[in-house]
Amino acid sequence: MKLLLFALLIIPVKTFAYEVPDITKWQNLTLQLINISRSETGLTPVRMDSYLNQISQNHAEDTAINFDNTSDETRRNTYLSHTSSNGDEFSDRIQNEKIMSAGENVGFYYQIPFSPAEESMDKAINLMHSSMMAEIPPDDGHKKTILGDYTHVGIGLELHREISSESNAIFLVTDFGKYKADALSQSSQPQLTKTNRWSERIRERQEKRRSAWRDRFEERVRRRIKNR
């Protein structure tokens, strides 16, 4: 039994999506880059918002779960952009009467290998932001969103990892919103309904995949111990 537990500790669990380590740090870096770009053009900074954060994080997780990085073709086919796996568009996901206008950017960074993680995360976020800000008309939709007339932003980050290929992908979702003036003095964190349910379904699917892999792994370890 001790051997089994030790093996489970040192061998990483294969998942299709997993939480970004120290996510608050990378959210703050993303926010800092956004506001630096806005200040350079004389715009007021945007603030992080918990409602938009959850919308962004849900979409980042959904995209990472459904991403298949087997080949260039499968990556293109499963990178869901602004459409969720259930067919919802951005306008379906963000439903808040206090928000006057909203926009979404989705970034994607793929690297083999994704290590060291700290350097890769920093490189990925800076590269995605600089690429968006380097856009020129008429293909400058991401840049326009960053420099849009917004008051708040939500930042979602999720990783997809395939251990067998030693490759990793990071998904960045930034959802911008402009709250009505009378809503800014109140809590801009309305209770989520549809979004919460969708997030729960995503987490249930993640846990089922993790559980199935753990069961298979534990059985292989048991057989090895038995055969010794």
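Residues numbered from 1 in each chain as written. Predicted model: local features only at pLDDT ≥ 70, side-chain atom pairs only at ≥ 80, totals over all residues. Heavy atoms only, no water.

Trainee: Before we go on, may I ask you to explain the pattern of salt bridges in this structure?
Mentor: Two side chains bearing opposite charge may form a pair once their charged atoms approach each other closely. According to the stated counting rule, one finds four salt bridges in the structure shown. When the shortest N-O distance is used, the salt bridge between Arg 93 and Glu 104 registers 2.7 Å. Here the residue Arg 93 occupies a position in helix α5 (residues 90-93), and Glu 104 occupies one in strand β3 (residues 99-111), the gap between them amounting to eleven residues. Residue Arg 93 is classed as buried on the basis of its relative accessible area, which comes to 9%. Look at Glu 104 and you get buried, because its relative accessible area is 8%. (Salt bridge = Lys/Arg side-chain N within 4 Å of Asp/Glu carboxyl O. Helix = DSSP H or I, 4+ residues; strand = E, 2+ residues; numbered from the N terminus. Buried < 20%, exposed > 50% of the residue type's maximum accessible area, 1.4 Å probe, protein only.)

Trainee: Could you clarify how one ought to interpret the packing of helix α2 (residues 23-40) against helix α6 (residues 117-133) in this entry?
Mentor: The description of two packed helices rests on the angle between their axes and on the distance between the axes. The interhelical angle for the contact between α2 and α6, taken along N-to-C directions, is 25 degrees, at an axis separation of 11 Å. Looking at the two axes, α2 sits roughly parallel to α6. The hand of the α2/α6 crossing is right-handed. Of α6, the residues touching α2 (which contributes Lys 25, Trp 26, Leu 29, Thr 30, Leu 33, Ile 34 and Ser 37) are Glu 118, Met 121, Asp 122, Ile 125, Asn 126, His 129 and Met 133. Its residues assigned to classes, the contact of α2 with α6 shows seven nonpolar, four polar and three charged. (Axes fitted to C-alpha atoms, helices over the stretch in contact; angles between N-to-C directions. Parallel < 35°, antiparallel > 145°, perpendicular 65-115°, else oblique. Left-handed = near helix turned anticlockwise from the far one by under 90°. Contact = heavy atoms within 4.5 Å. Nonpolar A, V, L, I, M, F, W, Y, C, P; charged D, E, K, R; others polar.)

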